[in-house]
Every structure is written in C-alpha cells, then in structure tokens.
Amino acid sequence: MKARLLTFFLLFSIVSLVFAAGSREAKKNAASNEVVIYAHDSFASEWGAGPALCEAFEKKTGIKVNMISVGDAVQVLSRAMLEKDAPEADVLIGLDNNLYSKAKAADILEAYKPLDGEKYIDDELLMEGGWLLVPYDWSSFAMIFDSESGLEAPTCLDDLTKDIYNKKIILMDPRTSTPGLGFAAWTLAVYGLDGVADYWRNLKANILTMAPGWSTGYGLFTEGEAPLVISYTTSPAYHVAYDEGDKFVALEFTDGHTYQTEGAGLMKNAPNKENAKKFLDFLISTDAQEIVPETQWMYPANNSVELPDSFKVVSAVPSKVLTVDQDELDKAVEIILAVLAEN
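Procedures and definitions
- Residues numbered from 1 in each chain as written.
- Predicted model: local features only at pLDDT ≥ 70, side-chain atom pairs only at ≥ 80, totals over all residues.
- Heavy atoms only, no water.
- Buried < 20%, exposed > 50% of the residue type's maximum accessible area, 1.4 Å probe, protein only.
- Helix = DSSP H or I, 4+ residues; strand = E, 2+ residues; numbered from the N terminus.
- Pairing = 2+ DSSP bridges.
- Core = buried A, V, L, I, M, F, W, Y, C linked by side-chain atoms within 4.5 Å.
- Contact = heavy atoms within 4.5 Å.
- 1 Å grid on protein atoms, 1.4 Å probe; cavity = no way out; pocket = protein on both sides within 12 Å on 5 of 7 lines; lining within 4 Å.
- Points joined across faces, edges and corners; volume = space filled by probe spheres on them.
- Nonpolar A, V, L, I, M, F, W, Y, C, P; charged D, E, K, R; others polar.
- Axes fitted to C-alpha atoms, helices over the stretch in contact; angles between N-to-C directions.
- Left-handed = near helix turned anticlockwise from the far one by under 90°.
- Phe/Tyr/Trp six-rings, centres within 6.5 Å; stacked < 30°, edge-to-face > 60°.
- Polar contact = N/O pair within 3.5 Å; in protein donor to acceptor, adjacent residues only side chain to side chain.

Engineer: Is there a simple way to explain the pairing of strand β10 (residues 259-267) in this structure?
Structural biologist: The side chains of a regular strand alternate, residue by residue, between the two faces of the sheet. The buried count for β10 comes to eight of nine residues, which makes it a mostly enclosed element. Bridge count between strand β3 (residues 91-96) and β10: five bridges; the pairing is antiparallel. Among the inter-strand pairings, V91 is bridged to a residue of β10, identified as L266. Two elements, strand β4 (residues 109-110) and β10, share two bridges in a ladder whose sense is antiparallel. In the sheet register, E110 faces β10, and the bridge partner there is L266. As paired strands, strand β5 (residues 134-146) and β10 are joined by six bridges and run antiparallel to one another. Directly across from W138, in β10, lies its bridge partner T261.

Engineer: Sorry, what's going on with the nonpolar core here?
Structural biologist: A general feature of soluble globular proteins is that nonpolar side chains tend to end up buried together. L92, I93, L160, F183 and W200 are the most contacted members of the largest nonpolar core, which has 96 residues in total. With eleven residues, helix α7 (residues 178-203) is the single largest residue contributor to this core. Apart from residues lying up to four places away in sequence, I93 is in contact with I37, Y38, A39, H40, F43, V76, Y136, G263, A264, F279 and L283. One finds A237, W297, Y299 and F311 within the second-largest nonpolar core, a separate group that totals five residues.

Engineer: What should I look at first to understand empty space enclosed by the protein in this one?
Structural biologist: Sizing a probe to match a water molecule and rolling it over the atoms shows the empty space that remains. Under the criterion given, the structure shown has one cavity of 30 Å³ or more. Its boundaries defined by the atoms lining it, the largest cavity holds a volume of some 50 Å³. What lines the largest cavity is simply A142, T233, A250, L251, E252, H257, S315, A316 and P318. Tallied by class, residues from the lining of the largest cavity come to five nonpolar, three polar and one charged.

Engineer: I'm lost on the pairing of strand β8 (residues 228-232) in this one. Help?
Structural biologist: Burial analysis of β8 places five of its five residues in the buried class, which makes it a mostly covered element. In this structure, β5 lies alongside β8, joined through five bridges in antiparallel fashion. Bridged to F141 within β8 is Y232. The pairing of strand β6 (residues 169-172) with β8 spans two bridges and is classified as parallel. Directly across from I170, in β8, lies its bridge partner V229.

Engineer: Looking at this model, I keep getting lost on unusual backbone geometry. Mind explaining?
Structural biologist: Apart from glycine, the bulk of residues carry a negative phi angle, and the bulk of peptide bonds sit in the trans form. Phi at K167 takes a positive value of approximately 55°, unusual for a residue other than glycine. With respect to the element layout, K167 can be found in the loop between β5 and β6.

Engineer: Looking at this structure, I do not really get the packing of α7 against helix α13 (residues 326-341). What am I missing?
Structural biologist: Each packed pair of helices is defined by two parameters, the angle between the axes and the distance between the axes. It is at 9 Å that the axes of α7 and α13 come closest, and there the two elements cross at 65°. Taken as a pair, α7 and α13 cross one another with a handedness that is left-handed. Taking contact as the criterion, the partners of L181, A184, A185, T187, L188, L193, V196, A197, W200 and R201 in α7 are, on α13, E328, L329, K331, A332, V333, I335, I336, V339 and L340.

Engineer: Can you help me understand the layout of surface pockets in this one?
Structural biologist: One number sums up the size of the largest pocket: a volume of about 470 Å³. S42, W47, W214, S215 and W297 are, among the 23 residues lining the largest pocket, the residues nearest its centre. For the lining of the largest pocket, the secondary-structure elements that each account for two or more residues are α7, α8 (214-222), α9 (236-241) and α12 (293-296). Ranked by residue count, the leading element in the lining of the largest pocket is α8, at five residues. A breakdown of the residues in the lining of the largest pocket according to their chemical character gives nine nonpolar, eleven polar and three charged.

Engineer: For this particular structure, what's the right way to read the packing of aromatic side chains?
Structural biologist: The geometry of an aromatic ring pair is captured by two quantities: the separation of the ring centres and the angle between the planes. Using the criterion set out here, one finds 16 aromatic pairs in the structure. When the centroid spacing of 6.0 Å and the interplanar angle of 80° are considered together, the rings of F183 and W186 count as edge-to-face. With F183 and W186 both in helix α7 and three residues apart, this pair spans about one turn of that helix. On the accessibility criterion, F183 (2% relative accessible area) is buried. On the numbers, 4.5 Å between centres and 20° between planes, the contact of Y191 with Y199 is stacked. A residue is classified by how much of its surface remains accessible, and Y199, at 2% relative accessible area, is buried. The rings of F183, W186, W200 and F253 are connected pair by pair, giving a single aromatic cluster.

Engineer: Can you walk me through the side chain of S42 in this structure?
Structural biologist: Tracing the backbone through its elements, the reader meets S42 in helix α2 (residues 41-44). Judged by its relative accessible area of 17%, S42 is buried. Here the side chain of S42 touches H40 through a polar contact of 2.9 Å, side chain to side chain. Those residues in contact with S42 that sit more than four places away from it in its chain are W47, G48, W214, S215 and Q296.

Below, the structure written as structure tokens:
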C-alpha cells in the first residue's frame, strides 16, 4: 500500500510539474503577442493619438496593444521608476526633454534606434543626440489667449503679472504636468534661478488655478473659466479642425519660447521587448505620424509628413528658442512651489 501511494504521489508530482511548465509556457506565448504601454491621459484618451495608433499597429502586426493611462507624463515616469526591478510596461509614452535627465538618471530605459530613425527624425529632435527616447512629436510652449475676452493680449512673461489679468491665467502643476513643467522652465530661462521667486510672487495673484494636468487645465479654458492658459503654439489648429473658429490664438512673446519634444522609451527588461521595438518602429513611420497632428495637436517628428489644412492657422515656430539646465530646473520647481505655498 505504501509503495502504491508513493508511486501515485510521484506520478501526481510529475504531472503537476508538467502542467505548471505548460501554464508558464502558455502565459509566455500569450505575453509574446502583446505590448504593454504606459501613456499619459491625453494620449490615451478617445480623442488622443493612442487609440488610433494602437488600432493601426494591431492591424498591421497582429500584436495586441495593452495601453494603460496613468495620468500625466510625470506620473508615467514615476510609476515606471517604482516598477524598475520588475517592469510591467514595455514602452513609456510622453516623456519629454524636460523629463529626460530624470529618466536617464533612473536607469529605467534602454536606448533603441527605430529601423528608419535616421531617415525620418531630424537630429535636432534627439535628446543628447541619442535614442534613449524616440521622438514622436514636438511644439513650442505658448500662452493661448481668448481674443474675444475684451482684454489686451500680453506680449511677454512680464505682462502676465499685470493687474488686468487677476485670476485670469490657468497653469498646470509642474510636479504632475509636462506643460506645467514647461512653463516653469520658460520662467527659469527668462529670469534665471535668482529671479524665479520674485517673478512667481508677482504672478501668483493672477493664477486662477494650477490644474493637475493639461486636459483638466485646457478644459477649464475652453469652458470660459479664464482667457489665458499655458499650452502649445499648435493648439489653435484643434479649434479650426472642429469648426470652433479662430478666437483662440497662440501668442508669440518677445522673451522667446521654450519647447517640448515628446518621446517614447523602451523599458529595460521589458517583458515583451521585441514587440516593443516593433511598436517604436511603427510609431515614427509615416502611417503612424500622419495620425499625430490632429490627435496630439503637435508637429509630427517624422519630417516627411505633410501637415493638415487645420495647421494653416498655426503661426510660424517662434524665432527665439530658449533652453534651460535640467539641474537648475529641479531647483526652480522647488522655489516655485515654495512661493505658491506662501501666505
């Protein structure tokens, strides 16, 4: 009897091990036919580029896309950093030039140059001249103004501190929003680290709200809550495309403008690395990049894509481009938050 029980136990153990191995292999095979993407909310939303890009990629490759919206791009980076040792995502979407140094320091990404990278992407869009982030769109930051508000349009950052704009400006939190961080960089570029605090003290009374992300902040603007919002030079194209007229205009400031290049990154130790590379190849392709202008409302990174008619309303790229030191930007954000917290 003992011998029979022992034989049964051994057979049961062998079958269990074979079944477990089969289950692991099945999971591996299932995972091999997908790619997991962490994206910011405006990209992943129904009006963003994400759904159309994912559908086109799935149709072309047969690879399923699992796109997860995790807030704004700052939150995309934060979540990826928390999962660094056991990443669930294969691709991060929406990290930009102002987050690049943090992403690089976190050591969560693996450089990857898409197959047609050199053909379609101009060198100026590459961050530090490399492929740690694959550029997929870009634009200059700008204040968008409701030209029917009855107010005089500001012409520079200093103008935004005038009393006539009391509670008339919508900004975004630089801790959670890339446009919020972009505006902080803009003020740093113009006033320097020593002048940021004084500028924001003068500006503070004119800020209606610091929205958590672009979608919330721009939504408040279009609902008429305030006549000024931080966004992009290319934003007015949206309103033209949807027959909303041309009352919302992007202002060119005499100070010059900072810009944003958005990129996609390949996670180190990505569970589905080969599929992630295929997605990055697709992301900069002409077919994919033609989707970008009228979903992201930014310029496509692919230099061969012709802009749609809605972009005819967009002013030329600002003639004066401003840049900042990333280490100084971190310090500037701390200063700005301290000023905003003052009574």
